[in-house]
Structure formats: structure tokens, C-alpha cells
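Here is how the chains run, residue by residue.
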Amino acid sequence: MDQFAHANIKQTEPFESRVYLSSPTMHGEELRYIREAFDTNWVSTVGENINRVEQNIAELVGRPKSVALASGTAALHMAVRAAAVKLYGEPDPALGALAGKRVFCSDLTFAATVNPVLYEGGEPVFIDSEYETWNMDPAALERAFLRFPEVKLVVLVHLYGTPAKLEQIRAVCDRNNALLVEDAAESLGATYDGKQTGMFGDLSVVSFNGNKIITGSCGGMLLCDTVETMDRVRKWSTQSREPVAWYQHRELGFNYRMSNLIAGVIRGQIPWLENHIDCKRRIYRRYAEGLKDLPLTMNPYEAGRARPNHWLSCVLIDREAMCPQSRGEGEASYTPQPGKSCPTQILEAIAALNAEGRPIWKPMHLQPIYSRYPFVSAAEGLDAGSDIFTRGLCLPSDIKMTEEQMDRLIAAIRAVFENTPV
Ligand SMILES: *Cc1c(COP(=O)(O)O)cnc(C)c1O
């Protein structure tokens, strides 16, 4: 009896140290490369760590050329700019390389995927998701090309580390002579038909932000095929200095290069990528197993074709099992119902354990800054992205989480549906 009561108290106690959604996991080698940079005084934006990271990531993905940059966002900006210059010629620096041009963009993503379109004066058109991968729906993309046949650029994300339907997306782009920018910020190490994400875009981007599968604390990389593109992006990202004795500028410049100290952290993390993916996959499978008879599904992928890196484990609650939930522009509320739940209620239960979940990324066409741009789905009235946002959530996916912590999180989610306090 005593023992039982004790176990029960332990069950409801929050975790002593917080379990994060996805936080950096360091291993020690990182410090050696930082120290090397220090000891040789290569602490600026040139050095051996940068060279190695550029080489290693290009090799890992299978792409001939790469440029290490300050962030994934900077890399996306450079990718979009390079694509735009190729399509539309040299830009008016004040108007941007996309001045007035429409660009098809993933709708269900983080804002960093699409912001560079605005940086360059372009106009995003948001393309809805499908339910098999939660990524850009090839049918919606096809439909968008019928409505806006002039469009020549597509920006595609692999959300939560799950590859999009790459063969179909690539085919639609090719049929319409459009370039593809691949935002693989969340999907480093994921493959599609045995090829790494980052191999499918005309230009591709990865991120080493603190929450990504491997990290430099920050940092990003552009991946491309030609030395011309690589050199152009290197030049833009180092203030567009002309190769003359004084500061001479013909083009708009950016200060976007990666630091050699940051590159040291990334260099130390690269050998751990596969290990991190294994840990993330185990987390995904443990949730899938632990939650399998509840009225919800895990974030899906194309089995047999896609090998996600499982950066974040997510769930989507069945329509019939949703209790009433309302979300404004800042706050959310819900009405509990027996046997049912909603993301807001589950996130509360997760937070009560001192763990971090998160709603699904809010679709771009629902964002105040982006609501005035067109949104195209596979059929009139369809809006898969909003539906996934309403019924889905990201579960704590940190690879330092213990199995015991996972089991308690699973029990807490089960309790929400069963309406019994844990
Ligand atoms: C993190 C992220 C980015 C931006 O990368 P940063 O390195 O943080 O600038 C872009 N797109 C997606 C989908 C991301 O998750």
C-alpha cells in the first residue's frame, strides 16, 4: 500500500529537468575543433573548420558544391536570389531579384522557408499539403501552374524531417520549366528513393540551428552543382566585394558567411548524424507503439520510398476524437469531453510534466503577414494544412529524453483520452 502510494506520487511529479522539443546534444569533439581554431587564431569567417564542413556536408548529401553560411535562413535567401538571377537576370538592387514575380511555396512550414521570397521583392503563392507526408501536394502544385502559368520558381520544405513526394514534385517542376529550391533545414540525413534530401533541388539548403538534428548552435549551408553558383553566393555573402585593392562594389552585398568557430562545432557533430537519426527513429517508434490504439496517427511518410530523419515526432488526432477547441491569434481554449481530446489539451498535459511540445507550424496562408497572398489546394475548398494545424501537435523529441520519461509522456497522453488523471 505504502509502496503503491509512493509510486503514484512519482507518476504525477513533473520531470526534474525539463524535456525539450529538440535541444542541442554535444559530444565533446566539437570542443577540439573550436580549440584548434582558437590556437591557430582562425576565429573569423575563413579557416579549416569551414572548409571541412563544406566538404563533409557536400559529400554526405552527394552534392558537388556548397557554401557555409551564418544560418539556414541566410542560405535560403542566397538560394532564392541565385535562382531568381538565373531566371530573371541581374536585379535592380533596390527592388530585389524577384521584383513582382510570383513564387510557389510550401504553405505548412516555418516562416524562414518563405521569407526570402519577400526579401527579394517576390510574391509567394502558398501550395497546400497532402496527408501522406504533410508536405507540398503535387496535385495542388499542378493546379497552381494552371492558374499562374508564368511562375518559374518553387520553394519546397521537408517538414519535420519527412521527405516530400519528391519524384512527383520534381516532375511537375520539370514539366513547367521551373527551378526548385529545396529547404532541407529539418531533414538532413533523410533520404528519398535512396537519395539524400538536398539532392533534388536546383539549389538546396540545410540548417545547423540549435534545435536541428545536428547543430553548430547556428549556421546553414547552400548546396548546388556549379562552381559559378558557388562563387556567386560566396561573393554575395561576403559583402559583394570586387577583387580589387580597395572596397569596390558592383552588386548588393550581404554579411552571411559562417564563422570558423561555429564550423568547429558542426565539424564535431557531423560524425554523430547517423546516431542522432537512430535515436530520433527510436523515439518515433516508441511513441507509435505506446499510442497505437488511441484515435490518432503519427506524422506519416511514404514507406518504402522515404527514410525520414524523424527530427520531430508528431501526432494527428482523428476527426471524430477531437473535442471542441478554439484558437484565436494568440490564445487557445477547449472543452474537455470523455474519450476525446485536442492538441491544446495534450500540450497542457505535456507541459504539466515539465516537457515541451508544440502546435504544428501554423500554415503561412493563416499568418497575418502572409494572409493577402494566394493559396492553392488540390480542390476548391480543401485546406489540408489548416486541418493538420488544428488536429496535430509536435511531441517532445529530444534525444536526451529517457525511455522512462517517454513512457510517462505516453501515459499522460493516454490519460487525457481516457479521462483519468495519471
Ligand atoms: C530552422 C528552419 C529554417 C531556418 O534555419 P535557421 O538556421 O534557423 O535560419 C528554415 N526552414 C525550416 C523549415 C526550418 O525548420
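Residues numbered from 1 in each chain as written. Predicted model: local features only at pLDDT ≥ 70, side-chain atom pairs only at ≥ 80, totals over all residues. Heavy atoms only, no water.

1. Description of the domain arrangement of the protein
Accessible area lost upon the coming together of the parts is a frequently used measure of interface size. Our working rule: Domain segmentation is taken from an automatic or database assignment of domains. Throughout, a residue-residue contact means that at least one pair of heavy atoms, one from each residue, lies within 4.5 Å. When two parts are brought into contact, each loses some accessible area as probed by a 1.4 Å sphere; the total of that loss over both is the buried area. Should a side-chain nitrogen of Lys or Arg be within 4 Å of a carboxyl oxygen of Asp or Glu, the pair is scored as a salt bridge.
Taken domain by domain, the protein holds domain 1 (6-25 + 273-418) and domain 2 (29-271). Put simply, the middle of domain 1 and the middle of domain 2, counted by C-alpha atoms, are 27 Å apart. Between domain 1 and domain 2, the contact holds 47 residues from the first and 56 residues from the second. Note on domain 1 versus domain 2: buried area summed over both sides is about 4400 Å², and carbon and sulfur give 58% of it. Our count for the domain 1 to domain 2 interface comes out at three salt bridges. Put simply, Asp193 and Arg305 hold a salt bridge, and the shortest N to O gap is 2.6 Å.

2. What about the pattern of salt bridges?
Put simply, the test is: Counting from the N terminus, the helices are the DSSP runs of H or I reaching at least four residues and the strands are the DSSP runs of E reaching at least two. Exposure classes here rest on a 1.4 Å probe applied to the protein chains alone. A residue is buried below 20% of its type maximum, exposed above 50%, and partly exposed in between.
Under the defined criterion, the tally for this structure stands at 31 salt bridges. Here Asp39 makes a salt bridge to Arg35, at a shortest N to O gap of 3.8 Å. Linking Asp39 with Arg35, this pair stays in helix α2 (residues 29-39), spanning four residues, or about one helical turn. The same class applies to Asp39 and to Arg35, which are both exposed. The partner of Asp407 in a salt bridge is Arg286, and the shortest N-O contact between them spans 2.9 Å. On the criterion of sequence distance, the pair formed by Asp407 in helix α13 (residues 403-418) and Arg286 in helix α10 (residues 273-290) is long-range, its members being 121 residues apart. Residue classification places Arg286 among the partly exposed residues on the basis of a relative accessible area of 26%.

3. Quick word on the sheet that holds strand β17 (residues 392-394)
Rules: At least two DSSP bridges between two strands are required for those strands to pair. To get an axis, a line is fitted to the C-alpha atoms, and for a helix only the part in contact is used. The angle between two axes follows their N-to-C directions and goes from 0 to 180 degrees.
Sheet architecture is open: four strands sit in the order β10-β12-β17-β15, paired in antiparallel fashion. One side of each edge strand has no neighbouring strand; the edge strands of this open sheet are β10 (296-298) and β15 (358-359). Across three bridges, strand β12 (residues 314-317) lies against β17 in antiparallel orientation. In the sheet register, Leu316 faces β17, and the bridge partner there is Gly392. Here helix α11 (residues 343-352) sits on the sheet and contacts β12, β15 and β17; the angle it forms with β17, its principal contact strand, is near 25°.

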